[in-house]
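So the chains spell out like this:
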Amino acid sequence: MNKKKGLFDHIALKILALLISFVLWIVVTNISNPTITKTINDIPVKMLNAETIAGDNKVYDITGGKTVSILVKGPRSVVEPMEESSFEATADLSKLSVVNSTTIDVYTSSSVKASDAKKIDIIELNQYVTLSIEEKVERTITVDVKTIGKAPKGRAFGEPIVTPDAITVSGPASVLDEVDVARAVVDIDGISVDTVKNVEIGLTDKVGTAIETDNLELSVSEVGVEIPVYKTKMIPVNVEIQGEPADGYKIKKPIQYNPSEILVCGKQEDLDKIKSIDITDSIQKTDTKNIEKSININDYLPDNIFAVDESQNMMTVEAKIGLNVKIEKMVEKSISIEKDDINIKNKKSNYDYVITGQDTIQIKLSGFEEHIADITLEQLEPCIDVANLEPGEYELEIELKDSETFVKSGTYTVNVEVKEKE
């Protein structure tokens, strides 16, 4: 009896101790594995029963709710590792409201243990999918090929050939209105022979932004792209200007153009035949000012030879030569020449040659001001040619040294007496 009594002695203290132990256990648990809240964004929403909308030639465009964001609350050990793939989201399109919206349901995916799923609470931050339902329309879209990569040294890529070059796309008019091209991106880095690749198609708008095709139907999902590969050759460029500018003006040489050589591509037998690019341009009799223009090199190449964009080793139709023709007004300057300054060429040893008449001859020169402003007599080298002259008196033209910077304005002569030596 005493033993029984001892078991229940101080029962209130024992209960209190038990409660304190339980509270301490809860505190310790919360400290080591507290409850936390985590935001998870961009969980894709899967549309269910979409076929209920597809009847009567109708299509839909998702205007809101393509993805959902949630708050997840639960023990840190469970919540902290969770990410987008830990959840699935669905929207049942057969339950659309009168304003074409339906709720989003979010639940844990199969990657989350059932026991862990029971420990968390899910709060959806956006709860609805909204649709725009329209008539189904159809458009033909051009296929554009974008290449990535460079050809090996000594090779250049030709213009890609795509088959088919256009596809049919059907879907909501509002979406199709945004579509600019069907783009095929093909990696051709290092290709050295003609190659054909099958490439998936993506749709882009006018600024090159990708357009989702979930609610669009494409007649084909991929196209064949043929990449021709040519050999290359660096050849010089020659430019010739025909015609003369207005009276009193001259073209200042050399003619300036850039580049002076260009890379071209083609088949080897065709490259062997081409030695240079010869460009002919013309000026008008009324021209008095400098002429600057761009010339398309491809206009001067044979049909089977193509200019190359060296930055991409790709055939190009935009190769240009920058041409600068300088036209300046000619000015005149007078130079006094003494007859003793005139050199007599091709004299015979048995004859004497004497320049008679006036002692000083005024010769007018015409040229660009910068060239003739400081010209001297020594640069002119005036002379007369007495080859094959027999004794007698002659009127001979004064010749000056050939120059690209000035010309004589007129003809100037002197009298020469030829006689036998005594």
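Described below are features of the structure shown in this document.

Calculation rules
Residues numbered from 1 in each chain as written. Predicted model: local features only at pLDDT ≥ 70, side-chain atom pairs only at ≥ 80, totals over all residues. Heavy atoms only, no water. Helix = DSSP H or I, 4+ residues; strand = E, 2+ residues; numbered from the N terminus. Rg over C-alpha atoms; globule rule 2.2 N^0.38 Å. Buried < 20%, exposed > 50% of the residue type's maximum accessible area, 1.4 Å probe, protein only. Contact = heavy atoms within 4.5 Å. Areas by Shrake-Rupley, 256 points an atom, 1.4 Å probe, with all protein chains shown as cover. Lys, Arg positive; Asp, Glu negative; His and termini not counted. Charge placed at Lys NZ, Arg CZ, Asp CG, Glu CD. Pairing = 2+ DSSP bridges. Axes fitted to C-alpha atoms, helices over the stretch in contact; angles between N-to-C directions. Salt bridge = Lys/Arg side-chain N within 4 Å of Asp/Glu carboxyl O. Phe/Tyr/Trp six-rings, centres within 6.5 Å; stacked < 30°, edge-to-face > 60°. Lys NZ or Arg CZ within 6 Å of the ring centre and 35° of its normal. Polar contact = N/O pair within 3.5 Å; in protein donor to acceptor, adjacent residues only side chain to side chain. Core = buried A, V, L, I, M, F, W, Y, C linked by side-chain atoms within 4.5 Å.

Turning next to the overall build of the chain. A tally of helices and strands in the chain yields 8 helices and 31 strands. At 46 Å, the chain has a C-alpha radius of gyration far larger than the 22 Å of a compact globule built from 422 residues. Its C-alpha atoms put the chain at 180 × 65 × 45 Å along the principal axes. The buried share among the 422 residues of the chain stands at 35%. Sequence-distant contacts, at least 24 apart, represent 76% of the contacts inside the chain between residues at least 6 apart. If you sum the accessible surface of the chain, you get close to 25800 Å²; carbon and sulfur atoms cover 48% of it. For the chain, the centre of its 47 positive side-chain charges and the centre of its 72 negative side-chain charges are spaced 10 Å apart.

Turning next to the sheet that holds strand S30 (residues 406-408). Spatially, the 3 strands line up as an open sheet ordered S24-S27-S30, and their pairing is antiparallel. Only two strands of the sheet have a single partner each, and these edge strands are strand S24 (331-338) and S30. Along the sheet, successive strands turn relative to each other by an average axial angle of 35 degrees, direction set aside. In terms of strand pairing, S24 meets strand S27 (residues 360-367) through 8 bridges, oriented antiparallel. In the strand pairing of S27, Glu332 is matched with Ser366.

It is worth spelling out the pattern of salt bridges at this point. A complete count under the given rule lists 13 salt bridges for this structure. The shortest N-O distance in the salt bridge between Lys58 and Glu135 comes to 2.8 Å. Here the residue Lys58 occupies a position in strand S2 (residues 58-64), and Glu135 occupies one in strand S7 (residues 128-148), the gap between them amounting to 77 residues. Here Lys58 falls in the partly exposed class, since its relative accessible area comes to 31%. We note a salt bridge from Lys250 to Glu244, for which the minimum N-O separation is 3.9 Å. Salt bridges here are not isolated pairs; linked through shared partners, they connect Lys252, Glu328 and Glu370.

Another point: the packing of aromatic side chains. Taken as a whole, this structure holds 2 aromatic pairs when the rule is applied. Between Tyr230 and Phe306, the ring centres sit 5.7 Å apart and the planes meet at 40 degrees, which makes this aromatic pair tilted. You can see Tyr230 sitting in strand S16 (residues 229-242) and its partner Phe306 sitting in strand S21 (residues 306-309), a full 76 residues away along the chain. The class for Phe306 is partly exposed, based on a relative accessible area of 22%. Taking the centre distance of 6.5 Å and the plane angle of 70 degrees together, the rings of Tyr351 and Tyr353 count as edge-to-face. The two residues Tyr351 and Tyr353 agree in class, both being buried. Between Lys252 and the ring centre of Phe368, over which it is positioned, the NZ or CZ distance is 5.9 Å.

Turning to the environment of Asn304, a few remarks are in order. Assignment of secondary structure puts Asn304 in the loop between strand S20 (291-296) and S21. Its relative accessible area of 35% is what places Asn304 among the partly exposed residues. Every residue in contact with Asn304, bar those within four places of it in the chain, is listed here: Cys265, Gly266 and Asp270. Among the polar contacts listed, one links the side chain of Asn304 to the side chain of Asp270, at a separation of 3.0 Å.

What follows deals with the sheet that holds S20. Adjacent strands of a sheet form backbone hydrogen bonds with each other and so pair up, either parallel or antiparallel. Strand order across the open sheet formed by 3 strands is S17-S23-S20, with antiparallel pairing between neighbours. The sheet is open, and its two borders are formed by strand S17 (249-258) and S20, each paired with just one other strand. This sheet shows a mean twist of 20 degrees between the axes of neighbouring strands, independent of strand direction. Pairing of S20 with strand S23 (residues 320-329), which is carried by 6 bridges, proceeds in the antiparallel orientation. When the sheet's bridge partners are listed, Lys293 is paired in S23 with Leu323.

Let's shift gears to the nonpolar core. For soluble globular proteins, nonpolar side chains are generally found buried alongside one another. Within the largest apolar cluster, 26 residues are counted, with the highest numbers of intra-cluster contacts made by Phe157 and Val225. Going through the elements one at a time, S7, strand S10 (166-172), helix H5 (173-176), strand S11 (181-187), strand S12 (195-204) and strand S15 (222-227) are the ones with two or more residues in this core. The contacts of Val225, once residues within four sequence positions are left out, are Val145, Pro160, Ile161, Val162, Val186, Thr195, Val196, Lys197 and Val199.

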